[in-house]
Amino acid sequence: MKGIRVLFQAPGKACIQEFEVRAPKSNEVIVRVIYSLISSGTEKAYLSCSNNTAQKFPTVPGYSSVGIVEQYGTDVQNFSIGDRVFVSYGGHANYNIKPESSIIKIPDSVSLQEAAFTRLASFPLLALRRAQLEIGESVVIVGLGMLGQFGVQLARIAGGLPVIAVGNREIRKQKALQYGAKFVLSPDDPELTNKIMEYTQITGTGGANVVLETSGQVSALISCLKYTAKHGRVLLNGCNRVTDQPIDLYKYIHLRGVSLIGAHDKTRLPYSSWKGNWTAKRDYMTVLGLLEDGRLEAKSMISELVKPESVSEIYNRLLNDREFPLGVLLDWSESKT
């Protein structure tokens, strides 16, 4: 059987490629993909060969897919034909083949479109776990892309008080308010630091206890260090690709006891969850559970559904359009093989 998938052929060039859908091994499941989520920051960085990105071409992008179980191997016991499942690192394709242990059933009340955000939502969840956020601590979310929007929601779920969002697009600032941010500020506001110091007085610290930096901009990191409280924690959740600006480590970190914590997905424990460091699979289950009971919301983050034949156009927009929307899903539901 033939399948189709997205291929990054070379820097700046994306296309659709046919591939052979092999039979599953004894422990594997074949999933007919319905939607896969474009991870804007990661895929733009890779396709544009940004700094700190492994530049190996050709490659198949995509790490968050959902679909229907179509076939499985002889040793698979927990899945049946027709099950709705989430797949991590399956790639943008109309068929994913993965071990049984790496796919998760989607609750009946969660739509496939919402479930497609599962892996991406797990990144700010990891960061907030690493921060060991306590109820009543102030949280600032820097950057209001998809990571930041989920960060706002998760910080509120975890008991952040207040939750403050910092971003520079009006539509995204309004969405952060919709998701529960108490205050929304612009990164270029000359009074940014003073306002955050004022708004966080409710915690008795005069500064942010926890900062979730999702923008990947060193300038944003330098800015947030100025309003982090003593003994606060700054979580690096965006991919900082350019490091050509100096940071005064003594003034902002050492002297104030601030913790600068890496929260990259690859730092997760592989098998057993531990305090502040759960496995990816358990966090995926947590995200799906929060979507199921309504505490986490992804539907309003969906901006566009894109057919596979339009991938060249959509990736060109990703590279060149600074107003590229949130939540772009590749729709494989009608793809022909």
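See the structure printed just above.
As the structure is a prediction and not an experimental result, all values here were calculated from the model.

Visitor: Which residues make up helix α10 (residues 311-320), and what are the values?
Guide: Listing the buried residues of α10 in full gives V311, I314, Y315 and L318. Burial along α10 is one-sided: seen end-on, the buried residues are contained in an arc of 95°. In α10, the exposed positions angled more than 90 degrees off the buried face are occupied by E313 and N320. Buried residues along α10 sit in contact with β1 (2-10), β2 (13-20), α1 (40-47), β14 (304-306) and β15 (328-331).

Visitor: Any chance you could break down the environment of A121 for me, citing the residues and the numbers?
Guide: Position of A121 among the secondary structure elements: in helix α3 (residues 118-131). Given the relative accessible area of 0%, A121 is considered buried. Taking the C-alpha atoms as reference points, A121 and Y284, separated by 163 residues in sequence, lie 8.3 Å from one another.

Visitor: Quick rundown of the side chain of R256? Include the residues and the values.
Guide: Within the fold, R256 resides in the loop between α8 (249-254) and β13 (259-262). There is no salt bridge for the buried R256, and the closest opposite charge comes from D248, which lies 9.8 Å off by N-O distance. A polar atom in the side chain of R256 sits 2.8 Å from the backbone oxygen of L225. Once residues lying within four places of it in the same chain are set aside, the contact partners of R256 are L225, K226, Y227, T228, A229, K230, H231 and K251.

Visitor: Describe the layout of surface pockets, with residues and values.
Guide: Of the volumes computed, that of the second largest pocket is approximately 390 Å³. With 3 residues, helix α9 (residues 280-292) is the single largest residue contributor to the lining of the second largest pocket. Tallied by class, the residues present in the lining of the second largest pocket amount to 7 nonpolar, 5 polar and 6 charged.

Quick notes on the rules
Every residue gets a number counted from 1 within its own chain, in the order that chain's sequence is written. Local features in a predicted model are, by the rule used here, given only for residues with pLDDT of at least 70; side-chain atom pairs are given and counted only at 80 or more, and totals for whole chains, interfaces and linings are based on all residues. Only hydrogens and water are removed before side-chain values are computed, so all heavy atoms of the structure are retained for them. When accessible area is computed with a 1.4 Å probe and restricted to protein chains, residues below 20% of their type maximum are described as buried, those above 50% as exposed, and intermediate ones as partly exposed. Runs of H or I in DSSP of at least four residues are treated as helices and runs of E of at least two as strands, each being numbered from the N terminus. This arc is taken over the directions from the axis of the helix to the C-beta atoms. Throughout, a residue-residue contact means that at least one pair of heavy atoms, one from each residue, lies within 4.5 Å. Charge convention: Lys and Arg are scored as positive, Asp and Glu as negative, and His as well as the terminal groups of each chain are ignored. Only one rule defines a salt bridge in this text: a Lys or Arg side-chain nitrogen within 4 Å of an Asp or Glu carboxyl oxygen. For this analysis, a polar contact is any N or O atom pair within 3.5 Å, provided that within protein one partner can donate a hydrogen and the other can accept it, and provided that sequence-adjacent residues contribute only side-chain to side-chain pairs. The way it works is a 1 Å grid over only the protein atoms, where trapped points that fit a 1.4 Å probe form a cavity and open points with protein on both sides within 12 Å along at least five of seven lines form a pocket, and then any residue with an atom within 4 Å of a point lines it. Grid points are joined across faces, edges and corners, and a volume is the space filled by probe spheres set on the points. Under the convention adopted here, Pro, Cys and the residues Ala, Val, Leu, Ile, Met, Phe, Trp and Tyr are nonpolar, Asp, Glu, Lys and Arg are charged, and Gly plus all remaining residues are polar.

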